[in-house]
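Residue-level structural notes
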Amino acid sequence: MYGWTGAILHVDLRDGTHWVEHPDAELYRTWIGGKALAACYLAPSATLPWNDPAMPIIWMTGPLTATPSPSSGHVTVMTRSPLTGTVGDATLGGEWGTQLKRAGYDGLIVRGRAHHPCGIVIQDGEIEIQDARGLVGLRTSDLAAHLKPLGPFVAVGPAATRGVRFASLVMDGPVTVGRNGLGLALSAHNLQFVSVRGTGIVSVADPAGLEKASEDIQRLVAATPALLGEYGIGRYGSGAFYDLMVSRRMLPTANFRKTYFAEWRKVNACTGIQRFKPESVGCAGCSLLCQKAIGDGRFLPGFEPLAQFTALLENDDLDICLEACEICAEMGMDPLSAAGTLATYAESQGRRLEGEEILDLLYQISVGHGVGVDLARGSLSYSEQHEVPQFSMTVKGQEIPPYDPRGACGMALSYATSTRGACHLRAFPISHEILRKPVATDRFSFEGKARIIKIAEDACAAADSLTICKFLMLGCSLEECARSFTAVTGLETTAQDLLRVGERASYLERILNARNGFTAKDDTLPARFFEESGSSGNQIEVPPLDREVFRQSLANYYRVRGLDADGQPTLQGAAALGLDLHS
Amino acid sequence: MRDLIEKYVSKMVRAGLASADAPLFGGVDADLVWNRSDARCADLEAVIQGLSVNSLLFCRPAEPYASIVEFLARQALDEAGDGPAAIQPQDCETRTFLHDLPVIREFSVPDIIQNLKRRKTVIIPGEGIVTWGTVSPEQAYIFFSSACFACFVKFFTQYLKDYREACLVPEQLVVFEKAMGALNSVVQPRGGALPDLMTGPFENEEAVYAAITQAGRATVDYQLVDSFFGNVSYLYNNTLYISQTTSSLEELEGCIDPCPLDGSSCAALTASSEFTAHREILRRTGKRAVLHGHPKFTVILSMDCDRLDCPMRGQCMVRCPEKRFIGDIPIVPGEVGTGPWGLANTLPPAMEGRRGGIVYGHGLFTVGQEDFREAFANLFEIETSCQAMYLKLVGC
């Protein structure tokens, strides 16, 4: 087999045993890898509670991982989300996925709860379960000092140990990755870290074909302003989006009460770049180099944490933002949910939080002190507990990222339909609504958006299954990726074939969520977006969303997706994709 | 969806790409709508059902494209024998975005689906071109337009080569005559007179926006660009005002990004992919206006090189080692954008002291001191010269 190793490693933490599965080729052809293959493995256990020892935590690389195909070193991690109760997943960059593949495994599936905190160490074919009791509670920079000699690692920080619902994973040090509370999911298994190092080589069926496909992809990347252009993320990181969101009047400010932050110049990416003159670094095999290292082990925040810890909280101090991001990274918390929860808290208190208070509250959340105990359950739980649910800017319990849905109707619809709660990456509609790729669409209209979002969800799921960086999709399309896939695996594949894989994965996620009780009532947005205007100005009107038009667009989405009027999968829809609705 | 479809049908007609009754354009959100009824709708609906798309365009191009596409398609089928056939233009747009243009023998739903699963267009001789969009009908329109442009460039490039080698075939001559006849009626609108563009220098933002919008529209009116690609910029108050990426040059209202050159803002993230090239051209030439189009004969002649023994043959578009010119206009290699072989690096140095510069297989950049009158005049004159030069080269 080319592209895949043909081996999936299973580890049972109850007794520290492991075994290697060799799936048949048909399974790979149907699910290819990453997100789709992970969903396939999650399905039989999807209705278990997130903290049930039998709930698997699944890591899956893709067929392109550890090959020369550009920006393809990602890995999907999937389980059931402690924060939302939905399918919980994330796509992780770095080098970890590449090393797992080189160690000889397409994926890793962990089950069982260890008797005490432990770590999994994978060194090619050698698997060891290590006692990690001495690492519990360590800040992630200290954790890194212990783990780096073992190779790239994924770990959890003190916030996960303390039960923070939006505890994240950290990767190779104080770098948060993954939303949905995946850190807490690992902690529930008493799993502190997984480190991996491999020396193998992934076989490629057609190296010359892959070189040609890679050239085509790189040419498109170079031709895309948002990537390698003068103001692109290659130079400024994803913080480059900040000024664009300001100019489009869709930067969530003051817990979404406004969509314009007047102090943006004090905190934008240009200010950070000029002040810190960072070094550009990136994931394995990627030329975008979108991370900006500022020399003391820290990174300039990407757009989402930058926006959340500035505009959303009305904070105009870049140093406070950096410190807030650092606390999240050291303690292992999703900065988007952390900031979103603080914004809910601030509105419930009827005041703006001062800079030092932001930092203090983050610390309280991460160690379980004071009001931090309540805030650690996330914005929705806090707001319901304190009888102010209208202040929780969440979808399915996950805090909304900093792209105001009133400024982009496709984004509004995709937040609602996302299978893991509010997520800007499930359909990545800013690509066409804001960044004009592949072409611009009318961001203030729902016209045609149902099918656009459905297709985009499938395309993003396909990208996460391959597993390639989403940013790459701003430049190239699945057409070029299909040529990479064909060259790597030797299996003739088209863009539409890959879309079909993405569609199957997306539909399966709807099935799994439906089994856990999610219905159309969960596919909605907070009332604020239908009742309050954004901050109009600069000749841009930002009215509230029209609830009826939104409902119609959602109904259209259900039809296009093959769901019933309640958003539930159907026998016919499942069968059309080769899925079984009930097993 | 219906409004969007009508918009792009109208643009196809205005651009001379199709006659008014030719496009069959379908768009689908929850329901499928067509711009008109046609016996082919049922078959094309089956194509839509076989793909994950939101729009589908089937259209026979207008002349001269129809004859050109027909000729190249039949040639590709002949060369392919029983295997898969494709037209393989070498212009920059095709290399970067379309890759190649598949051709099938007859209108067959399974064959159309099979080819559109892997490419953006499929050509059916005697029938037309089928293209799709996943985000907007605009994509289908662009792919159709780009395919016409690519075929035009390929036909005339090949004709010149075959003329020199004295191996023109009768069909080629017929298509050439037909194409030239159609061209004469469209290439010099308004009797060849230049448009009356605004006079610079422009000293307020409003005037800058108006001048850029006007220049963009004129570039399309004079067919100096394919579909709507190309870009326009003007330097004012240490800010470069430039058309946005994938914006239509004929409707730039609301699609111009002000890009401060002091590094204080990334708001111009959506600026044209050629932003850096524009900025550097202006810095090196001391001018204020840049116009970039894809005039066909300029593109065709940029790819005309007789150094058959050149070690870089086949890599001309990025590594041409020669200092080539058409008249006083330099021709440089360069890919779109800022990559290692990007035209942002190759073009600006070559344009120092020049009124324009050509990027191999891609297009033409021209400059104006204070406004677009000079830049447009340069663009028009260079393309007119290239057309005349081409005709002379092929003995007309």
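Whatever comes next refers back to the structure up there.
Just so you know, these numbers come straight off a predicted model, no measurement behind them. (Residues numbered from 1 in each chain as written. Chains lettered and ligands numbered in written order. Predicted model: local features only at pLDDT ≥ 70, side-chain atom pairs only at ≥ 80, totals over all residues. Heavy atoms only, no water.)

**Some details on the side chain of Thr213(B)**
Tracing the backbone through its elements, the reader meets Thr213(B) in helix H8 (residues 205–221). Leaving out residues up to four positions away in the same chain, Thr213(B) has contacts with Leu249(B), Leu252(B), Glu253(B) and Ile256(B). (Helix = DSSP H or I, 4+ residues; strand = E, 2+ residues; numbered from the N terminus. Contact = heavy atoms within 4.5 Å.)

**Let's talk about the sheet that holds strand E7 (residues 118–123) of chain A**
Taken in spatial order, the six strands make up an open sheet running E8-E7-E12-E9-E10-E11 (chain A), and their pairing is mixed. Of all the strands in the sheet, the pair left with one neighbour each is strand E8 (126–131) and strand E11 (176–177) of chain A. (Pairing = 2+ DSSP bridges.)

**Some remarks on the packing of aromatic side chains**
Residues and elements named next belong to chain B. For the coordinates displayed, the defined rule picks out 35 aromatic pairs over all chains. Where Phe152 meets Phe297, the ring centres are 5.8 Å apart and the plane angle is 85°; that geometry is what we call edge-to-face. Taken together, the positions of Phe152 in helix H6 (residues 137–164) and Phe297 in helix H10 (residues 296–302) put the pair 145 residues apart, joining distant regions of the chain. On the basis of relative accessible area, Phe297 is assigned to the buried category, the value being 1%. Ring geometry for Tyr234 and Phe372: centres 6.0 Å apart, planes at 50°, overall tilted. Remark: Phe372 occurs in helix H13 (residues 372–393) and Tyr234 occurs in strand E8 (residues 231–236); sequence separation between them is 138 residues. (Phe/Tyr/Trp six-rings, centres within 6.5 Å; stacked < 30°, edge-to-face > 60°. Buried < 20%, exposed > 50% of the residue type's maximum accessible area, 1.4 Å probe, protein only.)

**Quick word on the pattern of salt bridges**
By the definition in use, this model includes 65 salt bridges over all chains. Residue Arg119(B) is joined to Glu479(A) by a salt bridge in which the shortest nitrogen-to-oxygen separation is 3.0 Å. Here the residue Arg119(B) occupies a position in the loop between helix H5 (109–116) and strand E6 (121–124), and Glu479(A) occupies one in helix H21 (residues 478–489), the pair thus bridging two chains. A single burial state applies to Arg119(B) and to Glu479(A), both of which are buried. The partner of Lys11(B) in a salt bridge is Glu250(B), and the shortest N-O contact between them spans 3.3 Å. Residue Lys11(B) is located in helix H1 (residues 2–14), and its partner Glu250(B) is located in the loop between strand E9 (239–243) and strand E10 (256–260); the two are separated by 239 residues in the primary sequence. Judged by relative accessible area, Glu250(B) falls into the buried class, the value being 16%. One salt-bridge network, in which partners are shared between bridges, spans Lys454(A), Glu457(A), Asp458(A), Arg500(A), Glu503(A) and Arg561(A). (Salt bridge = Lys/Arg side-chain N within 4 Å of Asp/Glu carboxyl O.)

**Looking at the interface of chain B and chain A**
In this assembly, 53 residues from chain B lie in contact with 50 residues from chain A. Summing both partners gives a buried area of about 4200 Å² for chain B against chain A, and 54% of it is carried by carbon and sulfur. Taken as a group, Asp29(B), Cys266(B) and Leu269(B) account for 18% of the area that chain B buries against chain A, more than any other trio of residues on that side. For the pair chain B and chain A, the interface holds six salt bridges. (Buried area = accessible area lost by both parts, 1.4 Å probe.)

**Here we look at unusual backbone geometry**
For the bond running from Glu63(B) to Pro64(B), omega is 10°, close enough to zero to count as cis. Within the secondary structure layout, Pro64(B) lies in the loop between strand E3 (55–59) and helix H3 (65–80). Cis geometry is found at the peptide bond from Gly200(B) to Pro201(B), where omega equals 0°. Mapping Pro201(B) onto the fold places it in the loop between helix H7 (170–184) and H8. Look at Ile32(A): it is not a glycine, yet its phi comes out positive at around 50°. Relative to the assigned elements, Ile32(A) resides in the loop between helix H1 (25–31) and helix H2 (34–42). For Ile32(A), a relative accessible area of 2% gives the class buried. Although it is not a glycine, Phe428(A) sits at a positive phi angle of roughly 45°.

**A short note on the pairing of E6(B)**
Residues and elements named next belong to chain B. Of the two faces of E6, both are covered, the one formed by Thr121 and Ile123 as well as the one formed by Val122 and Ile124. Strand direction decides the pairing type here: E6 and strand E7 (residues 128–133), joined by four bridges, are antiparallel. In the strand pairing of E7, Thr121 is matched with Thr131. Two successive antiparallel strands, E6 and E7, enclose a turn made up of three residues, where Gly126 displays a positive phi of approximately 80°.

**Regarding a negative patch on the surface**
Judged by side-chain charge, Asp317(A), Glu323(A), Glu356(A) and Asp360(A) come together as a negatively charged surface patch. When you line up the elements, Glu323(A) lands in helix H13 (residues 318–331). (Patch = residues over 30% accessible without salt bridge, like charges linked within 9 Å, V, L, I, M, F, W, Y side chains within 5 Å. Areas by Shrake-Rupley, 256 points an atom, 1.4 Å probe, with all protein chains shown as cover. Lys, Arg positive; Asp, Glu negative; His and termini not counted. Charge placed at Lys NZ, Arg CZ, Asp CG, Glu CD.)

**Focus on the environment of Asp78(B)**
Residues and elements named next belong to chain B. Examined against the element boundaries, Asp78 turns out to sit in helix H3. For Asp78, a relative accessible area of 65% gives the class exposed. On a C-alpha basis, the gap between Asp78 and Leu183 in space is 27 Å, while along the polypeptide they are 105 residues apart.

**Things to note about the packing of helix H7 (residues 207–222) of chain A against H21(A)**
Residues and elements named next belong to chain A. Interaxial distance between H7 and H21 falls to 8 Å at its minimum, and their mutual angle equals 160°. Relative to H21, the element H7 is oriented roughly antiparallel. Along this stretch, H7 crosses H21, giving a crossing that reads as left-handed. Where H7 approaches H21, its residues Gly209, Leu210, Lys212, Ala213, Asp216, Ile217 and Leu220 are matched on the opposing element by Glu480, Arg483, Ser484, Ala487 and Val488. (Axes fitted to C-alpha atoms, helices over the stretch in contact; angles between N-to-C directions. Parallel < 35°, antiparallel > 145°, perpendicular 65-115°, else oblique. Left-handed = near helix turned anticlockwise from the far one by under 90°.)

**Notes on the packing of helix H2 (residues 41–49) of chain B against H5(B)**
All names here are of chain B. H5 packs onto H2 with a crossing angle of 35° between their chain directions and a minimal axis gap of 9 Å. Considering how the two elements wind past one another, H2 and H5 form a crossing that is right-handed. Across from Asp43, Ala46 and Val47 in H2, the residues of H5 making contact are Val109, Ile112, Ile113 and Leu116. Considering only residue class, the contact of H2 with H5 consists of six nonpolar, no polar and one charged. (Nonpolar A, V, L, I, M, F, W, Y, C, P; charged D, E, K, R; others polar.)

**Notes on H6(B)**
Residues and elements named next belong to chain B. Here H6 contains 28 residues, and its C-alpha end-to-end distance of 41 Å stays within 8% of the 40 Å for a straight helix at 1.5 Å per residue. At the N-terminal end of H6, a side-chain oxygen is found 2.9 Å from the backbone nitrogen of Glu138, two or three residues along, and the residue is Ser136. Looking one or two places after H6, you find Ala166, whose phi comes out positive at around 55°. (Expected span 1.5 Å × (residues − 1). Polar contact = N/O pair within 3.5 Å; in protein donor to acceptor, adjacent residues only side chain to side chain.)

**Remarks on the sheet that holds strand E3 (residues 57–60) of chain A**
All names here are of chain A. Taken in spatial order, the six strands of this open sheet run E2-E1-E6-E3-E4-E5, and their pairing is mixed. This sheet does not close on itself; its edge strands, each paired only once, are strand E2 (17–21) and strand E5 (87–92). With direction set aside, neighbouring strand axes in the sheet form an average angle of 15°. As defined by bridge partners, strand E4 (residues 75–80) adjoins E5 across six bridges and the pair is classed as antiparallel. In the sheet register, Met78 faces E5, and the bridge partner there is Asp89. Helix-sheet contacts for H2 involve strand E1 (8–12), E2, E3, E4, E5 and strand E6 (107–111), and the interaxial angle to E4 is about 25°.

**A short note on the environment of Ala388(B)**
Residue and element names in this part refer to chain B. You can see Ala388 is positioned in helix H13. Residue Ala388 is classed as partly exposed on the basis of its relative accessible area of 46%. Separated by 115 residues in sequence, Ala388 and Ser273 have C-alpha atoms that sit 31 Å apart.

**Description of the nonpolar core**
Inside soluble globular proteins, nonpolar side chains tend to come together where they are buried. Residues Trp59(A), Ile122(A), Tyr242(A) and Phe309(A) are the most contacted members of the largest nonpolar core, which totals 208 residues. When residues of this core are assigned to their parent elements, the largest contribution, ten residues, is made by helix H20 (residues 449–466) of chain A. If we ignore the near neighbours within four places in the chain, the residues touching Trp59(A) are Val75(A), Thr76(A), Val77(A), Leu92(A), Trp96(A), Asp106(A), Gly107(A), Leu108(A), Val110(A), Leu186(A), Leu191(A) and Val194(A). In this structure, Leu72(B), Trp132(B), Val135(B) and Ala150(B) belong to the second largest nonpolar core, which totals 118 residues. (Core = buried A, V, L, I, M, F, W, Y, C linked by side-chain atoms within 4.5 Å.)

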